[in-house]
Amino acid sequence: MIESMFSIIHRRRPKVLKKGCIFAVAELLATKYGVFPKSFSSRKSSACGGDPDRSFTVSYLINSCGLPEKNAVAASKKLCIESRENPDAVLELLTHYGFTNAHISNLVSKWPFVLQSRVNETLMPKLEFFRSIGVPDAVSAQKLSTYPGIMKRSLENCLIPVYNDLKSVVQSDEIVVRLFARAPRAFASGWRREHFSNIAILRERGVPESCILPFLVNQPSLLILGKEKFTACLDRAAEMGFDVSKSRFLDAVKVFACMSERTLKHKRDVYGRCGWSESEVDAAFVRSPNCMTLSENKIRANMDFLVSEVGLEAAAVARRPLLLSLNLDRMRARWSVAKVLMTKGLLKESTRVATVMEISEEKFLKRYISDRLDDIPQLIDVYRGKLSLSEMECK
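Given the structure is predicted, the values throughout are model-derived calculations rather than measurements. (Residues numbered from 1 in each chain as written. Predicted model: local features only at pLDDT ≥ 70, side-chain atom pairs only at ≥ 80, totals over all residues. Heavy atoms only, no water.)

Points about the overall build of the protein chain
Spelled out, the test is: Going along the chain from the N terminus, every DSSP run of H or I of four or more residues is numbered as a helix, and every run of E of two or more is numbered as a strand. Partly exposed describes any residue whose relative accessible area lies between the buried limit of under 20% and the exposed limit of over 50%, with all areas from a 1.4 Å probe on protein chains only and scaled to the type maximum. Should any heavy atoms of two residues lie within 4.5 Å, those residues are considered in contact. The Shrake-Rupley method, run with a 1.4 Å probe, gives the accessible areas here. Residue values count only the displayed protein chains as cover.
Of the regular secondary structure elements, the protein chain holds 24 helices and zero strands. Expressed as a percentage of its 395 residues, the buried residues of the protein chain come to 44%. Across the protein chain, the fraction of contacts at a sequence separation of at least 24, relative to all contacts at a separation of at least 6, is 71%. For the protein chain, the exposed area adds up to about 20,100 Å²; of that, 50% sits on carbon and sulfur atoms.

Structure (structure tokens):
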């Protein structure tokens, strides 16, 4: 499949760049850098040998690649351009594959030696590879210019094997593309070695495939953690009582992997100041690990609403920590509707607040608004914030 594709790729040739002046502002640099028109050819030296060579390199990087002068001067200490032929061909190819001026400037600033790439032999096959598996050109350009290490990897010995191994796990090019978009560095940092060993560890621990695949898609960067750290996170989640067969186990692993001990302690302190005991914090974390990822402002605002306005006890919120992650404005709108229904005797006060707040928008609109409009036509205005309970009572 992939191998046969490259028999075609290597027969393709990029467009020949039309000759033209690439030094739109070269004369502005002539005095400072001593730019001289000349015939030249690209070479692999680590730096320019003479001032004219370096001056031309700086000028080319500024005028053709869009580098700021400071970056161009820094790059010229590593790269020497004596001929524009190969660099022009590289830029032409990058443009053909969707790289904008900003992408090119970013890429060359980070990896000047891309301008010395062999266009037909190495650069084009890699770009064509990502296009062939379904990566949009805009995504490739953005990711490859940000993480140029990917382009340094061998196509046959790294990129294709990583793709084949990923495809064998996820069974879909679409998911492979999503993984590339979310964790592009994995293609350049030994994903094949680390990534699949961590998947093997999850399987050994009894984590079901139905949990591994979403985790792989949504948190691919975690699967290239070092084995020691990854195993420590798994052990910690297991020690807290998380069931490895549930998705919350991997949610907890994500929290331990991504948050420092200092941050975790701070979040525990925030919940403590909101009235939760240590055991309640632990229990809330087990019910909803992502409660530790919420900002302090989010925690305080939602807790204040639920306790001060709705009338819940802090301990009751600890038993339903998902409430803290919900949109506050939406909760206020739903609570306004619930109060109207309760005053009209159409909703029992014993109805759980969590039921009203946590159900999907579609179900809420049908159950608490659409089905009640015959009794209370103004209910939709209450929900939209156009009419308050006190204003309804006056009508």
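Having seen it, we continue.
A closer look at helix α20 (residues 328–343)
Operational definition: Multiplying 1.5 Å by the residue count of a helix minus one yields the expected span of that helix. Definition of a polar contact: a pair of N or O atoms within 3.5 Å, with one able to donate and the other able to accept a hydrogen when the atoms are protein atoms, and with sequence-neighbouring residues admitted only if both atoms are side-chain atoms.
When the terminal C-alpha atoms of α20 are compared, their 23 Å separation across 16 residues agrees well with the 22 Å that a helix rising 1.5 Å per residue should span. The N-terminus of α20 is capped by Asn-327, whose side-chain oxygen sits 3.0 Å from the backbone nitrogen of Asp-329.

Re the environment of Val-162
Relative to the elements of secondary structure, Val-162 occurs in helix α10 (residues 155–170). On a C-alpha basis, the gap between Val-162 and Val-176 in space is 9.9 Å, while along the polypeptide they are 14 residues apart.

With respect to the side chain of Ser-140
One can find Ser-140 in helix α8 (residues 137–146). The exposure class assigned to Ser-140 is buried, which follows from its relative accessible area of 5%. Apart from residues lying up to four places away in sequence, Ser-140 is in contact with Phe-99, Phe-130, Val-135, Ser-145 and Phe-180.

A closer look at the nonpolar core
To be explicit about the condition: Working definition of a nonpolar core: buried Ala, Val, Leu, Ile, Met, Phe, Trp, Tyr and Cys residues. They are joined through side-chain atoms within 4.5 Å.
Ranked by size, the top nonpolar core spans 118 residues in total, and within it Leu-61, Leu-115 and Trp-276 carry the most contacts. Aside from chain neighbours lying at most four places away, what touches Trp-276 is Tyr-271, Val-281, Ala-284, Met-303, Ala-314, Val-317, Ala-318 and Leu-324.

Overview of the packing of helix α11 (residues 173–182) against helix α13 (residues 209–218)
What counts is decided by this rule: Axes here refer to lines fitted to C-alpha atoms; in helices the fit is confined to the stretch in contact. Angles between the N-to-C directions go from 0 to 180 degrees. Our angle categories are set so that under 35 degrees counts as roughly parallel, over 145 as roughly antiparallel, 65 to 115 as roughly perpendicular, and the remainder as oblique. Here the nonpolar group is Ala, Val, Leu, Ile, Met, Phe, Trp, Tyr, Cys and Pro; Asp, Glu, Lys and Arg are the charged ones; every other residue, Gly included, is treated as polar.
Running from N to C, α11 and α13 cross one another at 45°; their axes reach a closest spacing of 8 Å. On the basis of their axis angle, the class for α11 and α13 is oblique. Along the contact surface, α11 presents Ile-175, Arg-178, Leu-179 and Arg-182, while α13 presents Leu-216, Val-217 and Asn-218. Broken down by class, the residue content of the contact of α11 with α13 amounts to four nonpolar, one polar and two charged.

As for the side chain of Asn-302
Position of Asn-302 among the secondary structure elements: in helix α18 (residues 296–309). Side-chain polar atoms of Asn-302 contact the backbone oxygen of Leu-324, separated by 2.9 Å.

Re the pattern of salt bridges
Note the threshold: Throughout this description, the term salt bridge denotes a Lys or Arg side-chain nitrogen within 4 Å of a carboxyl oxygen of Asp or Glu.
In total, this model carries 16 salt bridges according to the counting rule given. For Arg-205, the salt bridge is made with Asp-235, and the minimal N-O distance between the two is 2.7 Å. With a gap of 30 residues between them, Arg-205 in the loop between α12 (191–204) and α13 and Asp-235 in helix α14 (residues 227–239) connect regions that are remote in the sequence. Several salt bridges converge on common partners, so that one network encompasses Arg-268, Glu-278 and Asp-282.

A closer look at the packing of aromatic side chains
As a reminder of what qualifies: Any two rings among Phe, Tyr and Trp, with Trp reduced to its six-membered ring, count as a pair given centres within 6.5 Å; such a pair is stacked if its planes are under 30 degrees apart, edge-to-face if over 60, and tilted if neither. For a lysine, the NZ atom is tested; for an arginine, the CZ atom; a charge sits over a ring if that atom is within 6 Å of the ring centre and within 35 degrees of the ring normal.
Counted under the stated rule, the structure contains nine aromatic pairs. On the numbers, 5.5 Å between centres and 85° between planes, the contact of Phe-242 with Phe-285 is edge-to-face. You can see Phe-242 sitting in the loop between α14 and α15 (247–258) and its partner Phe-285 sitting in helix α17 (residues 278–287), a full 43 residues away along the chain. An identical accessibility class is assigned to Phe-242 and Phe-285; each is buried. Taken together, a centroid distance of 4.4 Å and an interplanar angle of 5° make the contact between Tyr-271 and Trp-276 stacked. In this structure Trp-276 comes out as buried when scored by relative accessible area, which is 5%. Taken together, the ring pairs connect Phe-129, Phe-130, Tyr-163 and Phe-180 into an aromatic cluster. Here Arg-334 stacks its cationic end above the ring of Phe-364, 4.5 Å away from the centre of that ring.

Examining the confidence of the model for the protein chain
We apply this condition: What pLDDT reports is the predictor's confidence in each residue, on a scale of 0 through 100.
Mean pLDDT for the protein chain: 84, with 84% of residues reaching 70 or above. Contacts of residues 3–46 to residues separated by more than four positions or lying in other chains number 87 contacts, the stretch itself having pLDDT below 50.

Describing the packing of helix α7 (residues 119–132) against α10
As a packed pair, α7 and α10 sit with axes 12 Å apart at the nearest point and diverge in direction by 5°. Comparing the axis directions of α7 and α10 gives the class roughly parallel. Note on element contacts: α10 touches α7 through Leu-155, Leu-159, Ile-160 and Tyr-163, opposite Pro-125, Lys-126, Phe-129 and Phe-130. Along the lines of polarity and charge, the residues of the contact of α7 with α10 split into seven nonpolar, no polar and one charged.

Let's talk about a positive patch on the surface
Keep this limit in mind: Nonpolar side chains (Val, Leu, Ile, Met, Phe, Trp, Tyr) within 5 Å and like charges within 9 Å form the patches, drawn only from residues with over 30% relative accessible area and no salt bridge. A residue counts as positive if it is Lys or Arg and as negative if it is Asp or Glu; His and the chain ends are not included. Every charge is mapped onto a representative atom, which is NZ of Lys, CZ of Arg, CG of Asp or CD of Glu.
Positive charge collects at one region of the surface, where Lys-246, Arg-248, Arg-287 and Arg-319 lie side by side. Along the polypeptide, Arg-319 turns up in helix α19 (residues 314–319).

Regarding α7
Our working definition: Bend, at a single residue, is the angle you get between axes fitted to the 7 residues ending at that residue and the 7 residues starting at it.
A maximum bend of about 30° is found in α7 at Pro-125. Among all positions of α7, only Val-119, Leu-123, Met-124, Pro-125, Lys-126, Leu-127, Glu-128, Phe-129 and Phe-130 are buried. Looking one or two residues beyond α7, the residue adopting positive phi is Gly-134, at roughly 105°.

Regarding the state of the cysteines
Selection rule: The definition used for a disulfide is geometric: two cysteine sulfur atoms within 2.5 Å.
In total, this model carries zero disulfides according to the counting rule given. Residue Cys-233 stays outside any disulfide, its sulfur separated by 8.3 Å from that of Cys-258, the closest cysteine.

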